[in-house]
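Next come the chains, spelled out residue by residue.
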Amino acid sequence: MVQSSVLGFPRIGANRELKKVTEAYWAGKVDKEELFKVGKELRAKNWKLQKDAGVDIIASNDFSYYDQVLDLSLAFNVIPARYTKYQLEPVDVLFAMGRGLQRKATETTPAVDVPACEMVKWFDSNYHYVRPTFSHTTEFKLNSSKAVDEYLEAKDLGVETRPVVVGPVSYLYLGKADKDSLDLEPITLLEKILPVYAELLSKLASAGATSVQIDEPVLVLDLPEKVQAAYKTAYEFLSKKEGLPKLILTTYFGDVRPNLDAIKNLPVAGFHFDFVRVPEQLDDAIASLSDDQTLSVGIINGRNIWKADFSKAITLVEKAIEKLGKDRVIVATSSSLLHTPVDLENETKLDAEIKDWFSFATQKLSEVVTIAKAVSGEDVKAQLEANEASVKSRSTSSITNDAAVEKRVGAIDEKLSTRAAPFPERLAEQKKEFNLPLFPTTTIGSFPQTKDIRINRNKFAKGQISAEEYETFINSEIEKVVRFQEQIGLDVLVHGEPERNDMVQYFGEQLKGYAFTTNGWVQSYGSRYVRPPIIVGDVSRPAPMSVKESVYAQSLTEKPMKGMLTGPVTCLRWSFPRDDVSQELQALQLGLALRDEVQDLEAAGINVIQVDEPAIREGLPLRAGKERSDYLKWAAQSFRVATSGVANKTQIHSHFCYSDLDPNHIKALDADVVSIEFSKKDDPKYISEFSDYPNHIGLGLFDIHSPRIPSTEEFIARIGEILKVYPAENFWVNPDCGLKTRGWEETKAQLTNMVAAAKHFREKYSK
Ligand code: MET
Ligand SMILES: [Zn+2]
C-alpha cells in the first residue's frame, strides 16, 4: 500500500478562530489559558480531520501562534537581548518579536518598548516569516518543548504524527546578522547549532516519533558553495548521533536539481520534492536516491485552489513507482497546505459550476488519499470518474474560455506594447502640458481609510444604504481629499481611493474571469490573513472601473488629477492564478483589460495615470536564469500593454514597494515616473543604483507604516543626501506608499512638512 502524506495543515481555523483569539489576547480581552485552549482545539480538529480522511502521514508542530520559523528561534534561544530584558512570558516574547510591543508601566511591570523583528516573504509565497537574527553572543540551547509537546498531544488523541522542523541549513541561511554583529555570517554557526538540533530530535525520538519532516526549502535557491557544503556537515553530524528519528529531507516551491549534488548520498531516510512546480525533476531526483531511501512525491498543489488532475498525477506517481517500487514512494502534498484556504464547504455563495473545480485544504486531504489508493491498486473508480468530469467541465466551460480575449492576446505585437515616442520626447510634451515645478510633489494614491468609510462601505454592501447615497458619501470623501491636497500645495493630486476595499479585489470584482470566496482566508503573517480573488477564466473588462471617481475628482480642481489602477502583475500575484494556462498569458490578458481602462481614463480627460506594480519584485523567480529573464520580459510587456496606448503627453506613473527593488528590473516598463518605497534605505550604494535610472523617480521620503512625523528639516536633510547622487531634474517628492492605514492627523503633518521641504529645494535650485 502506497502511503499518503500531508506536509502541514492551515492553522488559522475554518472560521479564523486563531486570529480572533490572538487579537483578543493582544487586546487583553482573554488570558493565556484561553489562547492556549483555542490553539489546542484547532490542532486536535486538524489532526482528526486528516486522520478521518485517511491520511497516513500527518504532520505535527505545523501549528503556530505566529510563525513556525519564529517558533524555532524561540526553541533554540535565538532571541536578541532587547526582547529578553523585560522578563516577559515566553508567549509574549514570541509576540513581541513577531509584532513589537509597546506597553506602559503598571504597578507590577515595567514599561516595554521594542520594535518587531524583520519579517520577510517566505520564498515566492505571500506568507511572511520572522527572520532569525543572530549575533556573536547568540547561545543556542533548547528553550522550548513545543515540538515534543505537540507530538505527545496528538499521540494522546490517538494520532501518530510526523513532527516538522525547519532544518539547520535553511534555518541559518534564512536568518541574518544582528546590528551588533554585522560581520557574522549565519551559516558559520552551523557547528554550534547542530548539537541543539540533535537534542531536539533525540527528545522527539524519546517521545516516540519515528520520523521527522526536516524542511530544507532553501535547496530551491541558488546557493553559495559554502551553504551547499553545509548539508554534508549537518546531516552527517546528525546521522552519527544514536537514537534519532528517521529524517525526511523536504523541499518545495521549486527546482532542486542544481543542488542535487549537495544532498546526494546524505544519510537521511528519504526526500520530498515538489513535482507540481517542477515535474521535470522526477528522473534526476530518482537517480540521486540511494537504494534504501524513499521518495515523497509532492503532487497535490499546496499553493493553489484547483482540483488536481488525477490522471496526470497518477501517471507521474506511477513513473516513480516503476523505478522505486511501492514501498519507497509516498504520495504527498507539494508543500504544507498553509497557503490554501481551509474548507470549500464554507463557500455557500460560489457558483456551483465553478465550485466543482476547486479544492481547498480539507478537500486536498482526500485528493492525496485517493491518489495513494489509486496507485496501490485499490478501487477508486468513482472518484476518478468524478475528477475527470470536473477537469473536463472546467477545460470546456465558457467561463474558462473566451475566444474574443484569446484572439486579442494573439494580436499583441511590439507596436501595441510600445509608446508612440521615446521618453525624452514624451517628457518634452508633458512639460508643456503640466508645467510642473522642479521637485514636483505627489502621493501614492490612498488617503486614510477611516472608520466612517468602512462603515459606509459595509452598509452599502448589505443594502442598508442606496447606490446614490453611497456615491454621495464617496464623493464627499473625494472632495475632502482634493481640498486638502490643494490647501497644502501638492502638485499632482489623487482622489484618495475611498471606494476601494482592496487594490486587487476592487478591480477583480469588476473584471470578467474572476471569482471570489466569502471565507477563503490564507495567513499572510501573524494574525493578518488575506482572501485572494481567483482567476477562473480568460479576463476582460466589461465596463469602466475607475473613471467615474477620477473624473469627479478632476472636476473639483485645476491641478492634474492622477488616475489610479492596479497593474497586471500585481493583480496576478495577489490572486490565485489559473493553473491551466501560463502566468504570462494571464498577465497579458490583465494588461489588455487595464489598457481599456487607461484609454477610457485618458478619453475622459485624466492625463496622469498611475498603474501600481508593488508585487513585481516578489514575482521574480527564485533562481537566476531563463525563467527569471522571461518573467522580467513578460511582466514588463504586460505593463506596457496596459499603458502604451496613450498620447505622448499623457504621463504614466508606476509604483513599487515592499522589497528591495533593482532599478534594472523596471526600466523595461518605460513608465514616465515611478515612485518606490525608500525611506528606510540608508545604503548610499543602493541610492546610487537609481542615479542613472533614465526616467523620473520619486524615492519615498517617509514611512507610511508609522505615525511618526518627520520634521521639515529632516525631510530637507534626507533629500539633500539623495541629491548627492541623484539628479535634481528627475526628482519627485512623495511618501513611500499609500496612506490608507494612517490617521488624518499625522497624514496632514507628514505631507505638510514634505511639501515644505520640496519648496525649499525648489527655491534653492531656481537661484
Ligand atoms: C501596496 S501599493 C499601494 C498603492 C495604492 N495606490 C495606494 O496608495 O494604496
Ligand atoms: Zn505601495
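The shown structure was predicted, so the numbers you read here are calculated from the model rather than taken from an experiment. (Residues numbered from 1 in each chain as written. Chains lettered and ligands numbered in written order. Predicted model: local features only at pLDDT ≥ 70, side-chain atom pairs only at ≥ 80, totals over all residues. Heavy atoms only, no water.)

## Details of the sheet that holds strand β21 (residues 651–656)
Reasoning step 1: What the 6 strands build is an open sheet, ordered β19-β20-β21-β22-β23-β24; its pairing is parallel. Single-partner strands in this sheet number two, and they are β19 (562–566) and β24 (731–732).
Reasoning step 2: Looking at chain direction, strand β22 (residues 673–676) and strand β23 (residues 696–699) are connected through 4 bridges and run parallel. Opposite Ser675, over in β23, you have Gly698 as the bridge partner.
Reasoning step 3: This element, helix α24 (residues 626–643), spans β20 (608–612) and β21 of the sheet and lies at about 145° to β21. (Pairing = 2+ DSSP bridges. Helix = DSSP H or I, 4+ residues; strand = E, 2+ residues; numbered from the N terminus. Contact = heavy atoms within 4.5 Å. Axes fitted to C-alpha atoms, helices over the stretch in contact; angles between N-to-C directions.)

## Quick look at the coordination of the zinc ion (ligand 2)
Reasoning step 1: Those donors, His655 (NE2), Cys657 (SG) and Cys737 (SG), are the protein atoms that reach the zinc ion (ligand 2), and they lie 2.1 to 2.3 Å from it.
Reasoning step 2: In this structure, the zinc ion (ligand 2) is surrounded by 4 donor atoms whose angles at the metal cover 101 to 122°, and the resulting shape is tetrahedral.
Reasoning step 3: Sequence positions of the donors to the zinc ion (ligand 2) reduce to the motif H-x1-C-x79-C. Here His655, found in strand β21, pairs with Cys737, found in the loop between β24 and α27 (744–766); they are 82 residues apart in sequence, far enough to count as distant. (Donors = N, O, S within 2.8 Å, 3.2 Å for Na, K, Ca; no water. Tetrahedral: all angles 85-135°; square planar, octahedral: opposite > 155°, others 65-115°.)

## So, the domain arrangement of the protein
Reasoning step 1: Each assigned domain of the protein is listed here: domain 1 (3–79 + 116–396), domain 2 (81–115), domain 3 (408–435 + 500–657 + 666–676) and domain 4 (443–499 + 679–767).
Reasoning step 2: Inter-centroid distance (C-alpha atoms) of domain 1 to domain 2 is 30 Å.
Reasoning step 3: Taken residue by residue, the interface counts 19 residues in domain 1 and 18 residues in domain 2.
Reasoning step 4: For the pairing of domain 1 and domain 2, the buried interface totals around 1,600 Å² over both sides, and the portion due to carbon and sulfur atoms is 67%.
Reasoning step 5: When the buried surface of domain 1 facing domain 2 is broken down by residue, Trp26, Ile79 and Ala116 rank first, second and third, together holding 36% of it.
Reasoning step 6: Put simply, domain 1 and domain 2 have 2 salt bridges between them.
Reasoning step 7: A salt bridge links Arg82 to Asp178; the shortest N-O distance between them is 3.2 Å.
Reasoning step 8: Linking domain 1 with domain 2 are 7 residue pairs in polar contact (both at pLDDT 80 or more).
Reasoning step 9: Counted by class, the side of domain 1 that touches domain 2 contains 13 nonpolar, 2 polar and 4 charged residues. (Domains from an automatic or database assignment. Buried area = accessible area lost by both parts, 1.4 Å probe. Salt bridge = Lys/Arg side-chain N within 4 Å of Asp/Glu carboxyl O. Polar contact = N/O pair within 3.5 Å; in protein donor to acceptor, adjacent residues only side chain to side chain. Nonpolar A, V, L, I, M, F, W, Y, C, P; charged D, E, K, R; others polar.)

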